[in-house]
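# Structural description and commentary
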Amino acid sequence: MSLWVDKHRPRVLDDLHYHAGLSARLRALAASGDFPHMLFYGPSGAGKKTRIACTLRELFGKGAEKLKIDQRVFMTPARRKLDVNVVQSNYHIEITPSEVGNYDRVVIQELLKEIAQTQQVDLSAKQRFKVVIINEADSLSRDAQAALRRTMEKYMSNMRIILCTNSTSKLIAPIKSRCLLVRVAAPTTEEMIDVLRHVGRKEGFDVPDKIAHEITEDANGNMRKAVLVLEALKMQSTDLDKPLTIAKPDWETYCHKVGDMIIQEQSPARVMEVRAKLYELLSHCIPPTIVLKTIAERVVQQVDESLKAEIMHWAAIYEVRMRIGNKKIYHLEAWVVKVMSLYKHLFYDINMTDFDD
Amino acid sequence: MSFFKQQGAKAPQKQAVDPQHQPWVEKYRPKTIDDVSAQEHTVAVLRKTLTSSNLPHMLFYGPPGTGKTSTILALARQLFGPDNFRSRVLELNASDERGISIVREKIKNFARQTPRAQAVASDGNAYPCPPYKIIILDEADSMTQDAQAALRRIMETYARITRFCLVCNYVTRIIEPLASRCSKFRFKPLDSSSTSSRLAYIATSENVSVTDDVISTLISTSHGDLRRSITYLQSASRLSASTDPPTQITPSDIQEIAGVVPDTVINDLAATLGVEPISGDATSRRANGFDEVRKKVKGIIREGYSASQILSQLHDLVIEHPTLTARQKSRCALVFAEADKALCDGADEELQILEVGLRVHKALSP
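Remember, it's a predicted structure, so these values are computed and weren't measured experimentally.

## Let's talk about the overall build of chain A
Within chain A one finds 14 helices and seven strands. Dimensions of chain A, computed from C-alpha atoms along their principal axes, come out at roughly 85 × 60 × 35 Å. Within chain A, the fraction of its 357 residues that count as buried is 54%. Across chain A, the fraction of contacts at a sequence separation of at least 24, relative to all contacts at a separation of at least 6, is 69%. As displayed, chain A offers around 17000 Å² of accessible surface, 51% of which is attributable to carbon and sulfur atoms.

Structure, rendered in structure tokens:
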């Protein structure tokens, strides 16, 4: 018994519910035999991976779905061993080079050359080339991206590369200019409701309008999240008729609590309490950027209009510092203190003016 | 098809690629240095070397897609011909391991070999085939400082029998001692007339019908990068040919392929930030400015547009805006610059675009 997300994931391009134009293009490209390197980008949960899998199926037929997981060992020039998990079928191979951090260049060079220099052995295969899927391409280091450049041109006859990424900002221009860019936008509310209804019908029940709207609102364009939430709700009550509350993830409520604490009181003692909570969040592996963003969103909901822009401004600044710096907690705390001081200043000024009057 | 056969004979060591599926960038790579577009000065200098058989060490630099690699490859072909090409030319690029150990072993070994005797050209043409080898270091700016330093002496010691050609985008990343050993050639971005003539040539030889609008969109989206515009053209022609019935390529197709954000989206965002000429309802808009801006930004992020692309297009719009004052523009420019730096450092896209939106909004409100 698998999750609904996987169970009802579309397997062929015809089953996809939205972006019909895009599906038509992908089908046409797969049929033409002249398949370019591709770069799929879009927010998470928009359906990039699903589309890639469907395209592969279109290219190679059912064989592309027989996956096996393999562990490869690569050797760095400094004789360090790297273990990388690869998912592969007879026709394609899928890697997440960011797993190995700084050594991603080695993996890219070795693996791609190995694949590029062997031709397709299966004579009955529909295509002469193999496909390499690179996940999280935006976290590839510059060196690794540079290593891709010439390889992509040189071995075009044996290999196509599909890059999958959230944003194209961190990819170097030469890579972008060698790929066909495919933007996968998040689905609109109506499209998401359609999909939810479809999943409901497959499972043998109707999704009430109100529930569907609430779920899509909460999911914010993330289809995966929406389907997961729907399944969770269904587990809570089989009829979906009682007034249901969409359970927020623990970390989110926790972050909201931190936001409230900042607003309630601004004092050194409170900073210490917030600090303990932040540590708790970080030690549960919640990405610090998400923590910062969630708290900031919560805080700006409750403060005066004049402060909102300022709070977001500092959030942006400390977020960058967090990326560049090493210890995340310093910057999170610095932002908390900054917000507290801004908040206090605002009140202070208002009190003063009142006093003057 | 004689065109392809000839090429196949020239490079027999390459795996046979079905010419129809070959990227056009490779297919239409210049075969001789005279074919290189728009780099008159460099071509004129290099043409002399074909006759005098004297070649300095060279450093080619310039933005991507201006023909640096094509020029040196074409020159090497013309100098040595297909039969000597393999034994006389070593091409290394960033996809090869190029640490200091490779410089010490592979490059040094190749550099100190005495050039082999000239093989008889099989295609009947006479090639100058001068008595030296060429080592092409493509994308040399991604070599480490140490590796570059190790090259210094090698370049001098074997200068008699080996010439180096470094190819890079940023000449400042090449250490000074190396740069001073080479004669430098700057490749300038292609002007629009030579780009358009090259694109038109490719389009006619591939039987793709393109309008002038499409060509001008290609030029404007690729910023003087010929490779990029050729790739876009090929992708667009693939897409248009694969639909049934084949449709004409439109400028908006090109924009979508190039990842350009549609003008309507940018104008809409700009209007929310108050860039448009300030009308009567501007005050009411400013009253709930924060929420408006945030909603717009969230919408754009959901659409999946790239933040750096939004930034550069918004920048163009603001800087060329007719009614904004110089002071407002310079404030905005500051905001854009800081956000661009932050994005390069890997900052969160949504936060940065929101930050840009809010600060531009603030800068524009009196």
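## Points about the overall build of chain B
If you tally the helices and strands in chain B, you get 17 helices and five strands. Buried residues in chain B amount to 52% of all 366 residues. Within chain B, contacts between residues separated by at least 24 positions form 77% of all contacts whose residues are at least 6 apart in sequence. When the accessible surface of chain B is totalled, it reaches about 17000 Å², and 52% of it is carbon and sulfur.

## With respect to the side chain of S237(B)
Residues and elements named next belong to chain B. Here S237 shows up in helix α10 (residues 226-242). At 3.0 Å, the side chain of S237 and the backbone oxygen of Q234 are in polar contact. When neighbours within four sequence positions are excluded, S237 is seen to be in contact with W24, V208 and I249.

## Overview of the confidence of the model for chain A
Close inspection of predicted coordinates is inappropriate for parts of the model with low pLDDT. Mean pLDDT over chain A works out to 84, with 94% of the residues at or above the 70 mark. Here helix α14 (residues 328-356) of chain A is the element of chain A with the lowest mean pLDDT, 78, and helix α11 (residues 268-283) of chain A is the one with the highest, 91.

## A look at the sheet that holds strand β5 (residues 130-134) of chain A
Residues and elements named next belong to chain A. Strand order across the open sheet formed by seven strands is β2-β3-β4-β5-β6-β1-β7, with mixed pairing between neighbours. Two strands in the sheet have a free side with no partner beyond their single neighbour: β2 (68-75) and β7 (180-183). Between one strand axis and the next, the sheet turns by 25° as a mean value, whatever way the strands run.

## Focus: the sheet that holds strand β5 (residues 183-186) of chain B
Residue and element names in this part refer to chain B. If you trace the five strands from one edge of the open sheet to the other, you get β2-β3-β4-β1-β5, paired in parallel fashion. Edge positions in the open sheet fall to β2 (89-92) and β5, since each of these has one partner strand only. Strand-to-strand twist across the sheet, computed as the mean angle between neighbouring axes with direction ignored, equals 15°. Pairing geometry for strand β1 (residues 58-61) and β5, over four bridges, is parallel. Opposite M58, over in β5, you have S183 as the bridge partner. Most of the contacts of helix α4 (residues 68-88) go to β2, to which it runs at about 135°, and overall it touches β1, β2, β3 (133-137) and β4 (162-168).

## Focus on the interface of chain A and chain B
With 57 residues of chain A at the interface, the matching set in chain B holds 57 residues. Among the residues chain A hides against chain B, the three largest losses belong to R25(A), R150(A) and R183(A). Together they make up 12% of the total. The tally of links from chain A across to chain B stands at eight salt bridges. Residue D348(B) pairs with K293(A) through a salt bridge whose shortest N-O separation is 3.0 Å. Applying the counting rule to chain A against chain B returns 15 residue pairs in polar contact (both at pLDDT 80 or more).

## Looking at helix α8 (residues 209-219) of chain A
All names here are of chain A. Along α8, the residues that are buried comprise I211, A212, I215, T216 and A219. In an axial view of α8, the angular spread of the buried residues amounts to 125°, which keeps them on one side of the axis. Of the exposed residues in α8, the ones pointing more than 90 degrees away from its buried face are K210 and E217. In this structure, the buried side of α8 is in contact with α7 (189-203) and α9 (223-236). Looking at the residues trailing α8, positive phi occurs at N220, about 55°.

## Side note on the packing of aromatic side chains
All names here are of chain B. If you walk through the whole model with that rule in mind, you get eight aromatic pairs over all chains. The interplanar angle of 85° and the centroid separation of 6.2 Å between the aromatic rings of Y28 and Y201 together place this pair among those described as edge-to-face. Highlighted residues: Y28 in the loop between α2 (24-27) and α3 (40-52) and Y201 in helix α8 (residues 192-205), separated in sequence by 173 residues. Under the relative-accessibility criterion, Y28 is labelled buried at 9%.

## Quick look at unusual backbone geometry
Residue E136(A) is not a glycine yet carries a positive backbone phi of 50°. As for its position among the elements, E136(A) is in the loop between β5 and α5 (142-154). Judged by relative accessible area, which is 44%, E136(A) ranks as partly exposed. Located in the positive-phi region is E139(B), a residue other than glycine, with phi close to 50°. Tracing the backbone through its elements, the reader meets E139(B) in the loop between β3 and α6 (145-157).

## Digging into α4(B)
All names here are of chain B. Compared with the 30 Å implied by 1.5 Å per residue over 21 residues, the 19 Å span of α4 between its first and last C-alpha is markedly short. Considering bend angle alone, the principal kink of α4 is centred on G81 and spans about 110°; proline P82 follows within four residues of it. Of all 21 residues in α4, 17 are buried; the element is thus mostly enclosed.

## Digging into the domain arrangement of chain A
Here the domain parsing of chain A yields domain 1 (19-183), domain 2 (189-236) and domain 3 (250-356). One C-alpha centre belongs to domain 1 of chain A, the other to domain 2 of chain A, and the line joining them spans 31 Å.

## Some remarks on the pattern of salt bridges
Residue and element names in this part refer to chain A. Tallying each qualifying case throughout the model produces 34 salt bridges over all chains. Two residues, E114 and R72, come together in a salt bridge whose shortest N-O distance is 3.2 Å. Note that E114 is positioned in helix α4 (residues 104-117) and R72 in strand β2, a separation of 42 residues in sequence. A relative accessible area of 18% places R72 in the buried class.

Conventions we followed
Residues numbered from 1 in each chain as written. Chains lettered and ligands numbered in written order. Predicted model: local features only at pLDDT ≥ 70, side-chain atom pairs only at ≥ 80, totals over all residues. Heavy atoms only, no water. Helix = DSSP H or I, 4+ residues; strand = E, 2+ residues; numbered from the N terminus. Buried < 20%, exposed > 50% of the residue type's maximum accessible area, 1.4 Å probe, protein only. Contact = heavy atoms within 4.5 Å. Areas by Shrake-Rupley, 256 points an atom, 1.4 Å probe, with all protein chains shown as cover. Polar contact = N/O pair within 3.5 Å; in protein donor to acceptor, adjacent residues only side chain to side chain. pLDDT = per-residue confidence, 0-100. Pairing = 2+ DSSP bridges. Axes fitted to C-alpha atoms, helices over the stretch in contact; angles between N-to-C directions. Buried area = accessible area lost by both parts, 1.4 Å probe. Salt bridge = Lys/Arg side-chain N within 4 Å of Asp/Glu carboxyl O. Arc of directions from axis to C-beta. Phe/Tyr/Trp six-rings, centres within 6.5 Å; stacked < 30°, edge-to-face > 60°. Expected span 1.5 Å × (residues − 1). Bend = angle between axes of the 7 residues up to and from the residue. Domains from an automatic or database assignment.

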